[in-house]
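# Architecture and fold: a report
The lines below spell out each chain.
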Amino acid sequence: ELEEFMDKADADGKALVYIGFGSITVPDPAKLTEEIVRGVDKADVRAIIAKGWSSRGGKGDGESSSPEYSSNCYALDKVPHGWLFPRVKAVLHHGGAGTVGASLSAGKPTLIRPWFGDQYFWAGRVQKLGVGIRVDNLGGDDLVDALRTATTDTVMIEKAAKIGEKIRAEDGVKNAIEVSVLD
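The sections below set out a description of the structure shown in this document. (Residues numbered from 1 in each chain as written. Predicted model: local features only at pLDDT ≥ 70, side-chain atom pairs only at ≥ 80, totals over all residues. Heavy atoms only, no water.)

### Regarding the overall build of the protein
The helix and strand inventory of the protein stands at eight helices and six strands. Walking the protein from its N terminus toward its C terminus, one meets helices and strands in the order α-β-α-β-β-α-β-α-β-α-β-α-α-α. Its C-alpha atoms give the protein a radius of gyration of 17 Å, near enough to 16 Å, the size a compact globule of 183 residues would have. Buried positions account for 45% of the 183 residues belonging to the protein. In the protein, the proportion of contacts linking residues at least 24 apart, taken out of those at least 6 apart, comes to 64%. With an accessible surface of roughly 9,600 Å², the protein has 50% of that area assigned to carbon and sulfur atoms. The centroid of the 23 positive side-chain charges in the protein is displaced by 4 Å from the centroid of its 27 negative side-chain charges. (Helix = DSSP H or I, 4+ residues; strand = E, 2+ residues; numbered from the N terminus. Rg over C-alpha atoms; globule rule 2.2 N^0.38 Å. Buried < 20%, exposed > 50% of the residue type's maximum accessible area, 1.4 Å probe, protein only. Contact = heavy atoms within 4.5 Å. Areas by Shrake-Rupley, 256 points an atom, 1.4 Å probe, with all protein chains shown as cover. Lys, Arg positive; Asp, Glu negative; His and termini not counted. Charge placed at Lys NZ, Arg CZ, Asp CG, Glu CD.)

### Considering the pairing of strand β2 (residues 46-50)
Counting buried positions over the five residues of β2 gives five, a clear majority of the element. Burial along β2 is two-sided: the residues R46, I48 and A50 and A47 and I49 are all buried. As judged from the five bridges shared by strand β1 (residues 16-20) and β2, these two strands associate in the parallel manner. Note that in β2 the partner of I19 across the bridge is I49. Tracing the backbone out of β1, into helix α2 (residues 29-43) and back to the parallel element β2 gives a crossover that is right-handed. (Pairing = 2+ DSSP bridges. Right-handed = clockwise from strand over helix to strand, strands pointing away.)

### Focus on the environment of E68
Among the secondary structure elements, E68 is positioned in the loop between β2 and β3 (73-76). The exposure class assigned to E68 is exposed, which follows from its relative accessible area of 73%. Measuring from C-alpha to C-alpha, the distance between E68 and K128 comes to 35 Å, with 60 residues separating the pair along the chain.

### Description of helix α5 (residues 119-129)
Because the α-helix completes a turn every 3.6 residues, residues three or four places apart line up on one side. Listed as buried for α5 are Q119, A123 and V126. In an axial view of α5, the angular spread of the buried residues amounts to 70°, which keeps them on one side of the axis. Where the residues of α5 are buried, they touch α4 (97-105), β5 (110-112) and β6 (132-134). Of the residues trailing α5, G130 is marked for its positive phi of about 75°. (Arc of directions from axis to C-beta.)

### Looking at the sheet that holds strand β4 (residues 90-93)
Taken together, the six strands give an open sheet; going across it, the order is β3-β2-β1-β4-β5-β6, and neighbouring strands pair in parallel fashion. Each end of this open sheet is capped by a strand with a single partner; those strands are β3 and β6. Mean inter-strand twist for the sheet, computed between neighbouring axes without regard to direction, equals 15°. Bridge analysis of β2 against β3 gives four bridges, and the strand direction is parallel. Across the sheet, A50 pairs through a bridge with L76, a residue of β3. The sheet strands contacting α2 are β1, β2 and β3, and the helix crosses β2 at an angle near 160°. (Axes fitted to C-alpha atoms, helices over the stretch in contact; angles between N-to-C directions.)

### Digging into the environment of K31
Here K31 shows up in helix α2. Overall, K31 belongs to the partly exposed group, its relative accessible area being 46%. For K31 and P67, which are 36 residues apart along the polypeptide, the C-alpha to C-alpha distance reads 8.8 Å.

### Regarding the packing of helix α6 (residues 142-152) against helix α7 (residues 154-169)
At a minimum axis separation of 6 Å, α6 and α7 run at an interaxial angle of 65°. Taken as axis vectors, α6 and α7 run roughly perpendicular relative to one another. In this structure, α6 uses T149, A150, T151 and T152 to contact α7, whose residues at the interface are T154, M156 and I157. Residue classes in the contact of α6 with α7 are distributed as three nonpolar, four polar and no charged. (Parallel < 35°, antiparallel > 145°, perpendicular 65-115°, else oblique. Nonpolar A, V, L, I, M, F, W, Y, C, P; charged D, E, K, R; others polar.)

Encoded structure:
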């Protein structure tokens, strides 16, 4: 079903993005999901949405509810980033170091909605490098603008692709071994 959704996005000429915030706890997960779906629809993209954040779309008061997703969204519990990220146009996530590494290694524009800690650093870093955008507000037009920019800005797309090429060309294990031998 996921691959059919991806193929349909391609056939329809719609940019495909990934959106996921891992296990971040948010005060009102249902509202967050509604804002994301609204932003995806307004940006006229298709999104694969990993439903990991707090209560899996619950109301935020301990009750569980299933949020409604438009036909532009495909919701799933989890998916291997290494398989998916090379196949999408852009990635929106929480800014955890591992997810930043996966999105940049795939050479994709990286949108980060930071929640705490080093996520703010990574959001600033991708923005400074011109390979992504820090998104502070998922409601209103901030998300819409970020999704449109990440999927259409050729300079950002090219910079992200070049960073991905450099990362994939590195031999991190070999470099780590060489550094540890020098110590």
